Amino acid sequence: MSKPMVSKGLVHVFLILVALSMLLPFLWMVLTSFKTVTESTQLDPFVFWPSQWHFENYTQVIRDNNFAVLYFNTLAMMFFRLVCGLLFSAMAAYAFARLQFPGRDLLFGLVLFQMMIPSQIFIIPQYLMVDAMGMRNTIFALVFPGIVSAFGTFLLRQFFMGLPRSLEESAILDGANVGQIFFSIMLPLAKSGLVALGIFTALFAFKDLMWPLIINPQVDKATLSSALSKIQGAYTVNYPHLMAASVLAIWPMALIYVFFQRQFIQGIATTGSKL
């Protein structure tokens, strides 16, 4: 066996081991969801495989939590953040990339400055704005922070700046206005950037915990992430129930990933970022 083949085989073995190490927490979560409380906390001897499969953990969790409402709230938040974030971020990005107006560079500098500030700083002002509108405990309150994205504006601006200006000049000669140029020519050409931004927007919305926990404290207005945080007790934790609820919470995103795996990978590769 040649040396390059041996090296390639070692690389594949290493990558397989890394992949297994990342899958182990998910396997542990699924197995724990079928254990008893004693088995989930027992260390001597350590219990990896449940002695019996306790499906009642799932029935109990479903009985205690209205997952239909949690799924609806979470998916509605993801959908509206996705639509609003893509549309408004693309409009702002196109203006910063192509249009000339007073204070453009200063305003874009403020967008970049916002990206450097921890998002937790904006929670109190956003809460006061939503409360002043009387929109707490609503879907709008969940969507509000994601109506437009500084990261999305920056990302799509780079895509628009990379497109040739001859396309716009030809459209202007044909009598097209700014809106027609944006929606008919520039926006379709930024499809790869929109896909990448859509992936990040959906993932960030699905994982968002602090904002839904603060703005929608009512049980019927909660999301999956905020509901999971309430299952964990202050002093004692029923780990099988918590893990069962976690499995029920992550399967929609896992299913989306299975169907859109190629788009996920292309989107992350396009931005050069990691989750």
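Residues numbered from 1 in each chain as written. Predicted model: local features only at pLDDT ≥ 70, side-chain atom pairs only at ≥ 80, totals over all residues. Heavy atoms only, no water.

## Some words on the pattern of salt bridges
Evaluated as defined, the whole model comprises four salt bridges. Here Asp-208 makes a salt bridge to Arg-81, at a shortest N to O gap of 3.1 Å. Note that Asp-208 is positioned in the loop between helix 11 (191-207) and helix 12 (210-215) and Arg-81 in helix 4 (residues 67-98), a separation of 127 residues in sequence. Residues Glu-168 and Arg-98 are paired through a salt bridge, measuring 3.2 Å at the closest nitrogen-oxygen approach. Taken together, the residues Glu-168 in helix 9 (residues 166-173) and Arg-98 in helix 4 connect sequence positions 70 residues apart. (Salt bridge = Lys/Arg side-chain N within 4 Å of Asp/Glu carboxyl O. Helix = DSSP H or I, 4+ residues; strand = E, 2+ residues; numbered from the N terminus.)

## Here's the deal with the packing of aromatic side chains
Counted according to the given criterion, the structure contains 18 aromatic pairs. Their ring planes at 75° and their centres at 5.2 Å tell us that Phe-79 and Phe-80 sit as a pair that is edge-to-face. By relative accessible area, which is 47% here, Phe-79 ends up partly exposed. With a centroid separation of 6.2 Å and 55° between ring planes, the pair formed by Phe-160 and Phe-182 is classed as tilted. Of this pair, Phe-160 sits in helix 8 (residues 150-161) while Phe-182 sits in helix 10 (residues 178-189), placing them 22 residues apart in sequence. The exposure class of Phe-160 is buried, given its relative accessible area of 0%. Given a relative accessible area of 4%, Phe-182 falls into the buried group. Taken together, Phe-34, Trp-49, Trp-53, Phe-55 and Tyr-58 form an aromatic cluster joined through their ring pairs. The ring of Phe-108 has Arg-157 lying over it, and the distance from NZ or CZ to the ring centre is 4.0 Å. (Phe/Tyr/Trp six-rings, centres within 6.5 Å; stacked < 30°, edge-to-face > 60°. Buried < 20%, exposed > 50% of the residue type's maximum accessible area, 1.4 Å probe, protein only. Lys NZ or Arg CZ within 6 Å of the ring centre and 35° of its normal.)

## Brief notes about the UniProt feature "transmembrane region" (unreviewed entry) in the chain
The UniProt record annotates "transmembrane region" (unreviewed entry) at residues 12-31, 70-94, 106-127, 139-160, 181-206 and 239-260. Secondary structure content for residues 12-31 is 100% helix and 0% strand, while the C-alpha to C-alpha distance between its ends is 27 Å. Secondary structure across residues 106-127 divides into 68% helix and 0% strand, with the first and last C-alpha atoms of the span separated by 27 Å. (UniProt positions renumbered as here; feature names shortened; annotations may be inferred.)

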